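Now for the letters of each chain:
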Amino acid sequence: MTQDIPINILIVDDHPANRLAMREILTNLDLNIIEAESGRQALKSVLENDFALILMDVVMPGMDGFETTRIIRSRQKSQHTPVVFITASDPMELTSKMAYLSGGIDFITHPIIPEILRAKVSAFVELFRHQQTIITQHHSILEAHQTLEKQRSEIKRLYHDSITDLPNRNSLEEALGKTIEKAGEKHFTFLLIGLNSFQSVNDTLGFHYGDLFLGEVAKALKKSCNQAYTLFYIGGSKFGILLDIGSAEKEAEVEAGYIAAFLEKPLSIRDIDIVAAATFGCAVYPAHGKSAGMLLRRADVAMQYALKKGFVLEFYSPSMDQDSEKHLALTGELKTALDNDQFFLVYQPKVGLQTGKILGVEALIRWNHHGREIIPPCDFIPIAEQTGLITALTTTVIRKTLQQIRTWSEKGLPSSASVNLSARDLMDPTLAGRIQAYVDETQVSPFSLTLEITEGMIVSDPVRARKNIAKLTDCGVRFSIDDFGTGYSSLSYLKELNVNEVKVDRSFVSDMLTNSNSASIVCAIIDLAHHMTLAVVAEGVETKETLDLLRGLSCDEVQGYYISRPLPEEEIARWLEKPSFSIPGLET
């Protein structure tokens, strides 16, 4: 409150002459004087204005000064407004106790001495000005504090991630820049971590679970990461670790190995156990880049390369950039390829070990890239999953497979085929309806179609998986568990899902002859599956010795390069046309 702003004071007196006299005395004090001729009128003025001082006549008709003051003091906004009583009596002879109890703080007696009135009013006005200054300063301090807190919050938001409670990409780029300045010609290592299962969690459980998953992974990384290194959350499914200046590649390998082993333990997200498998990409300064952006990009290229090849850790090399550019090009062309029907199917036979006859085929998709090259699924399936085109791709495979089954059936040939589903497909509530529509369209038996899923898809959301599998089995579709033995589910659990067969993972099959543990696992799977009336398919059979061993273990079906590579439509048709087969290793 500045000195030149008029301040309100209230004069309350039922005699106009008294009010006029006091106004004249206070004329030169630059005050905004408001008058009230009764207690009721005074209360109305107090409701409408703020006052530095109230000059209150004691004796008034109706509501006297004491009662008026008590009411003014009872109002929160005016409870501290000073009230000076005006009286014709000697204050010492008044009921002073009653006056002070009502809220008054001073007296002025009639006849009023101008100098005393001006002095007292001036003192209260000056006190009010100081009080307003303090209030203004207090508000300014509060506003400054709020602004500072807002700025701090904004800075934290810019440099810190709220979900993982870790420094974010902005912090990383700043830290990389400072480390580069400090390192000079010395080397240091940046380790990028990608979560392989994050997209699946988002697709199957939803974004909320995805956020919870990231938070739990961040906690796990904090526990497993060397405390001397700085951990960052970069965004999406990626974390980063900045190793010390002078750190060697060996240290990055050790750190990645320790973290990978730690993340193999399932994380519990709302009673759902999820394995946060990770892939690592590494870039070294200055060999792989001399700027923060270059190190980040090349570590990401190395991580994507490792993911594609099925490795845990890769260090950047210039040759990887060509693969990265190809990956980017394929990402842009995938939708066009779907629209232009550039995809076709090949079929790998599944043979009965006791009869030597084809019991079915697995339909596998290939990309005829502009008629110039055939792109394998390992190059484009991950892109389809990342871009959300996997549903359209699966639809293409299922429709083409059902159409092919109809063609074979019309020729009187054996017709049964299996198709792989992704996690997004299995959790899609519209899948059953779409497959039923395709079955009606092609007029084939739904029993001739088998959908292959993995254990991990079921474990991620068993309730939804069970519900969608039930819908599809009601339509007559069969189910097979692919890559069995590598996940966390059990045969008894799978039986509840109306699964018809299990496919033993090729890693166990190919290793049976040299690894007794793998042979024991395959034997156990076959025995338990047969006990639960489930068929067993061994995939990845590449030698006669492996086939003979599987036959001795009473495995039901086999597929693999020893039987046949995946064949195009015209070649697989010739297999189906033969009344019987003489498969190597199955001669009688």
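Residues numbered from 1 in each chain as written. Predicted model: local features only at pLDDT ≥ 70, side-chain atom pairs only at ≥ 80, totals over all residues. Heavy atoms only, no water.

### Side note on the environment of Ile383
Mapping Ile383 onto the fold places it in helix α12 (residues 377–387). In this structure the C-alpha to C-alpha distance between Ile383 and Phe190, which are 193 residues apart in sequence, comes to 25 Å. (Helix = DSSP H or I, 4+ residues; strand = E, 2+ residues; numbered from the N terminus.)

### As for the nonpolar core
With 77 residues, the main nonpolar core has Phe343, Ile398, Ile435, Leu451, Ile453, Leu550 and Val558 as its most contacted residues. Not counting residues up to four positions away in its chain, the partners in contact with Val558 are Pro349, Lys350, Val351, Leu353, Ala538, Val541, Leu547, Leu550 and Ile563. (Core = buried A, V, L, I, M, F, W, Y, C linked by side-chain atoms within 4.5 Å. Buried < 20%, exposed > 50% of the residue type's maximum accessible area, 1.4 Å probe, protein only. Contact = heavy atoms within 4.5 Å.)

### With respect to the side chain of Asp428
Looking at where Asp428 falls in the secondary structure, it is placed in the loop between α14 (423–426) and α15 (431–442). Overall, Asp428 belongs to the buried group, its relative accessible area being 16%. Of note is the side chain of Asp428, whose polar atom sits 2.8 Å from the side chain of Thr430. Leave out the neighbours within four places in its chain, and Asp428 touches Thr391, Arg434 and Asn468. (Polar contact = N/O pair within 3.5 Å; in protein donor to acceptor, adjacent residues only side chain to side chain.)

### Focus: the sheet that holds strand β8 (residues 188–195)
Taken in spatial order, the 5 strands line up as β9-β10-β8-β13-β14 in an open sheet, and their pairing is mixed. A strand with exactly one partner marks an edge of an open sheet, and here the two such strands are β9 (230–235) and β14 (313–315). This sheet shows a mean twist of 20 degrees between the axes of neighbouring strands, independent of strand direction. In this structure, strand β13 (residues 278–285) lies alongside β14, joined through 3 bridges in parallel fashion. (Pairing = 2+ DSSP bridges. Axes fitted to C-alpha atoms, helices over the stretch in contact; angles between N-to-C directions.)

### Some details on the packing of helix α2 (residues 39–48) against helix α3 (residues 65–74)
For any two helices packed against each other, the geometry is given by the interaxial angle and the distance between the axes. Put simply, α2 and α3 touch, their axes get as near as 9 Å, and they point 20 degrees apart. Looking at the two axes, α2 sits roughly parallel to α3. Crossing geometry of α2 relative to α3 is assigned as right-handed. On α3, the residues that touch Gly39, Ala42, Leu43 and Val46 of α2 are Thr68, Ile71 and Ile72. For the contact of α2 with α3, the residue count by class is 5 nonpolar, 2 polar and no charged. (Parallel < 35°, antiparallel > 145°, perpendicular 65-115°, else oblique. Left-handed = near helix turned anticlockwise from the far one by under 90°. Nonpolar A, V, L, I, M, F, W, Y, C, P; charged D, E, K, R; others polar.)

### Description of helix α6 (residues 169–183)
What sets the pattern is the α-helix's 3.6 residues per turn: residues three or four places apart point alike. Taking 1.5 Å per residue, 15 residues should reach 21 Å; α6 reaches 20 Å between its end C-alpha atoms and fits that length. For α6, the N-terminal capping position is held by Asn168, with its side-chain oxygen 3.1 Å away from the main-chain nitrogen of Asn170. In the stretch just after α6, Gly184 is the one whose phi turns positive, near 65 degrees. (Expected span 1.5 Å × (residues − 1).)

### Structural notes on the pairing of strand β18 (residues 417–420)
Residues in a regular strand project their side chains so that they alternate between the two faces of the sheet. As paired elements, strand β16 (residues 358–369) and β18 share 2 bridges and run parallel to each other. Within β18, the position partnered with Val361 by the bridge is Ala417. Note that β18 and strand β19 (residues 449–454) share 4 bridges and pair parallel. Residue pairing in the sheet places Val419 in a bridge with Leu451 of β19.

### Here we look at the packing of aromatic side chains
In this structure the tally under the stated criterion is 8 aromatic pairs. With a centroid separation of 5.3 Å and an interplanar angle of 35 degrees, the aromatic rings of Phe343 and Trp367 are classed as tilted. Residue Phe343 is located in strand β15 (residues 343–352), and its partner Trp367 is located in strand β16; the two are separated by 24 residues in the primary sequence. Measuring from centroid to centroid gives 5.3 Å for Tyr347 and Trp408, while their planes differ by 70 degrees, and the two rings are edge-to-face. Separated by 61 residues along the polypeptide, Tyr347 in strand β15 and Trp408 in helix α13 (residues 390–410) bring together distant segments of the chain. The buried category is assigned to Trp408, whose relative accessible area is 2%. Taken together, the aromatic side chains of Phe66, Phe85 and Phe107 make up a single cluster linked through ring pairs. (Phe/Tyr/Trp six-rings, centres within 6.5 Å; stacked < 30°, edge-to-face > 60°.)

### A short note on the pattern of salt bridges
Tallied over the full model, the rule gives 21 salt bridges. Here Asp50 and Lys77 are joined by a salt bridge, their closest N and O atoms 3.5 Å apart. Of this pair, Asp50 sits in the loop between α2 and β3 (53–57) while Lys77 sits in the loop between α3 and β4 (83–87), placing them 27 residues apart in sequence. By relative accessible area, which is 44% here, Asp50 ends up partly exposed. Assessed through its relative accessible area of 58%, Lys77 is described here as exposed. The salt bridge partner of Glu539 is Arg506, with a shortest N-O separation of 3.8 Å. With Glu539 in strand β22 (residues 535–539) and Arg506 in helix α19 (residues 506–509), this pair connects stretches of sequence that are 33 residues apart. Among the residues examined, Arg506 registers a relative accessible area of 42% and is labelled partly exposed. Overlapping salt bridges bring together Glu362, Glu452, Lys503, Arg506 and Glu539 as one network. (Salt bridge = Lys/Arg side-chain N within 4 Å of Asp/Glu carboxyl O.)

### A closer look at the sheet that holds strand β5 (residues 106–109)
On the basis of which strands lie adjacent, the open sheet formed by 5 strands has the order β2-β1-β3-β4-β5 and parallel pairing. Each having just a single partner strand, β2 (31–36) and β5 make up the two edges of the open sheet. Ignoring which end each strand starts from, the neighbouring axes of this sheet average 20 degrees apart. Bridge analysis of β4 against β5 gives 4 bridges, and the strand direction is parallel. In the strand pairing of β5, Val84 is matched with Asp106. Relative to β2, helix α1 (residues 16–25) is tilted by about 175 degrees, and along the sheet it contacts β1 (7–12), β2, β3 and β4.

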